[in-house]
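Survey of secondary and tertiary structure
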Amino acid sequence: MSILEKLQTIDRRIVYLLLFLSVGLALIPRKPLPVIPSNQARSAFEAIENAPTDKLVIIGADWSASTRGENGAQTIAILHHLMKRRLPFAIMGFDPQGPELVAAEAEKLAKRYNYQYGTDWINWGFRPPGTINATLKAMVRGFQEGMKQDSKNIPLSDHVRLPMMARFKDINDVGVLVVVTPSQTFESWVAFVQGIKGTPLVFCPTAVMAPEAYQYLDSGQMVGMLTGLKGALEYEGLVKEPGRATAQGLALSVSHILIILLIVVGNLGYLAQKRRQKSQQGVG
Amino acid sequence: MLRNMVDEIAAWFARSFPPQKGLTLWLILMGLIVAYVVIFFGLQLLKPRARKSLIAVVTFLAGLFYALEFFLPTELIDGKETNALTRFLVPMSEFAQIVAVLALGLGIYSLTMIHGKTLLRFRTGWFYSLTFFTFMILMATFGIMVEEPFSREAQINRDIRSILFVGGLQALEGTMFSIIAFYIVSAAYRAFRVRNAEASLLMAAAFIVMLGQVYAGQFLTNWLPTEGALSNLRIETMSDWLLTRINAPAVRAVGFGLGVGLLATALRIWLSLERGSYFDREV
């Protein structure tokens, strides 16, 4: 076996080390890369930029710590935009960790933007995932009836502690839907929430889930999309709030280039082997 | 006519079962739990055929509600599309959540039985069962206690829960998912080979989409104009074209097929005709 042929059997530990070193080193420089926002990210930005300030934004937080790298960065970028525009928002989710993770980020940013819980934002909390369709169907007809209470067990009818709930009653009072999820729950949001009044829906999936959602962008059922970490990076650029995604942009680029290089190298070895086998057959 | 009938039934229920508070509420709740246990064990006494028939009827009625609610004509009341069954959407949602919580209890029961046996008999992997019990009890205890009003004890509960949830669960989940990256790179390196024309086409598309996702890729064609015919050769434009013009129709076509299949499966489950792994051979 020639050296060229050996390129297709590089030890997996060397591959792991290459990835570890390339991503690790790429995380050190803090200088942000120039960003060319995609049409999907631009549309998502415009949907929130043009949302009326007297309408509620609902954030469907159906993600957990496992996809925090992508969904966390997307959520923070969106929260910056919502709070900059002083848009009131409600968090809910069908993953036990989702609403809590988003609420933790919202609490951190609330101090900077002077957002008050119950007045400017609220956490409706977690609902069992098996009931997503039934819960969403009930929620769109009336928040108080459908959701009953927030994550702190305060009834939504308690307008003293949750004054914002006096202003927002049902789906007619929603300006934008933001669904952050690495799972298929977005289909329920499209069918049972967006479809009722045609409320603009911004989708934030992990990069691996994004290809499944392009058809909804095409049909207009989604107005914009942030594709994984790249989407978060673009959105941070659009809202001018460089954060986690911007810091990881170079690492994302380097890891993609490494994968492409490894595939090319592996194929060089494969083609060399194929050529040798052909020539051997010719001699034989 | 249907609306009047449903309204009358709803009014009768409202009159007969007014909202309760205090001791009465607790007594009713206790009574319901006892009734639930009696019904649960009562169902076990039924013959399998009768039990299956009962399940079939309940499944059909549950499905029928949502089908009728969707298809029955509506009228605009208080700015909302409403028909005779719409008012029951919220109670049905609450009912579904209660059933889901019962399923959670069933899951805990099942895990406790499996891991309990392993632990008590010191079978292989008993250590994992011990870990399971330890963290299930800890998370449940501090998760429930954290709801208490603010006090020094509540703060300690919150801190412990934070250590378990943020420091433990979230860190573990994040780590597990990060490790996948190493396997993906290794798998892509080993599996992607230009064995034939289809594989070559797939690889070319994958390279364009991957490069279109990152700045390093976009940098390669940054010298091309952003408008005009030549802009179509920019890597992000080609990537976008592949995703919106090739990928989207393909996903939509698969979605149509899946939709038809799902409709057929839903009908079979609704009418209790389904057979297979999760269903008995006979109804």
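Attention here is on the structure that accompanies the text. Quick caveat, the model's predicted, so the values are computed rather than measured. (Residues numbered from 1 in each chain as written. Chains lettered and ligands numbered in written order. Predicted model: local features only at pLDDT ≥ 70, side-chain atom pairs only at ≥ 80, totals over all residues.)

So, about the overall build of chain A. Along its length, chain A carries eleven helices and six strands. Overall size of chain A, expressed as C-alpha extent along the three principal axes, is 85 × 40 × 30 Å. Burial analysis of chain A (284 residues in total) assigns 51% to the buried set. (Helix = DSSP H or I, 4+ residues; strand = E, 2+ residues; numbered from the N terminus. Buried ≥ 20, exposed ≤ 12 C-beta atoms within 10 Å, placed from the backbone.)

What follows concerns the overall build of chain B. In terms of helices and strands, chain B carries nine helices and two strands. Written out in order from the N terminus, the α and β elements of chain B read α-α-α-β-β-α-α-α-α-α-α. Taking 2.2 N^0.38 as the reference for a compact globule, 283 residues should give roughly 19 Å; the C-alpha atoms of chain B span a radius of gyration of 29 Å, well beyond that estimate. Oriented by its inertia axes, the alpha-carbon framework of chain B measures out at about 75 × 60 × 50 Å. Going through the 283 residues of chain B one by one, you find that 10% of them count as buried. (Rg over C-alpha atoms; globule rule 2.2 N^0.38 Å.)

Membership of the largest hydrophobic core comes to 101 residues, with the highest contact counts inside it found for A:Ala44, A:Val57, A:Ile91, A:Val178, A:Val202 and A:Tyr235. At nine residues, the largest contribution of residues to this core is made by helix H11 (residues 244-283) of chain A. (Core = buried A, V, L, I, M, F, W, Y, C linked by C-beta atoms within 7 Å.)

This paragraph deals with the interface of chain A and chain B. It is common to give the size of an interface as the accessible area lost on bringing the parts into contact. Counting from both sides, the interface comprises 48 residues of chain A and, opposite them, 45 residues of chain B. Every element with two or more residues in the side of chain A that touches chain B is listed here: helix H2 (12-26), helix H6 (132-141), helix H7 (143-147), helix H9 (214-219) and H11 of chain A. Here the side of chain A that touches chain B is composed, by residue class, of 22 nonpolar, 17 polar and nine charged. (Contact = placed C-beta atoms within 7 Å. Nonpolar A, V, L, I, M, F, W, Y, C, P; charged D, E, K, R; others polar.)

Look at helix H1 (residues 2-16) of chain B: 21 Å from first C-alpha to last across 15 residues, which is about the 21 Å you get at 1.5 Å a residue. Of all the 15 residues making up H1(B), zero are buried; the element is thus mostly uncovered. (Expected span 1.5 Å × (residues − 1).)

Turning to the pairing of strand S1 (residues 56-61) of chain A, a few remarks are in order. Residues and elements named next belong to chain A. Here S1 lies mainly inside the structure; six of its six residues are buried. Here S1 shows a buried face lined by Leu 56, Ile 58 and Gly 60 and a second buried face lined by Val 57, Ile 59 and Ala 61. Alignment of S1 against strand S4 (residues 174-180), held across six bridges, turns out to be parallel. Bridged to Val 57 within S4 is Val 176. Here S1 runs beside strand S2 (residues 89-93); their pairing, made up of four bridges, is parallel. Looking across to S2, one finds that Val 57 is bridged to Phe 89. (Pairing = 2+ DSSP bridges.)

Quick look at the pairing of S4(A) now. Residue and element names in this part refer to chain A. S4 sits mainly inside the fold: seven of its seven residues count as buried. Relative to strand S5 (residues 201-204), S4 runs parallel, the two being bridged by four bridges. Looking across to S5, one finds that Val 178 is bridged to Val 202.

All names here are of chain A. Backbone geometry at Asn 114 places phi at a positive 55 degrees, although glycine is not the residue there. Assignment of secondary structure puts Asn 114 in the loop between helix H5 (98-113) and strand S3 (121-126). Judged by the 9 C-beta atoms lying within 10 Å of it, Asn 114 falls in the exposed class. Even without being glycine, Lys 148 reaches a positive phi, approximately 65 degrees. Structurally, Lys 148 is set in the loop between H7 and S4.

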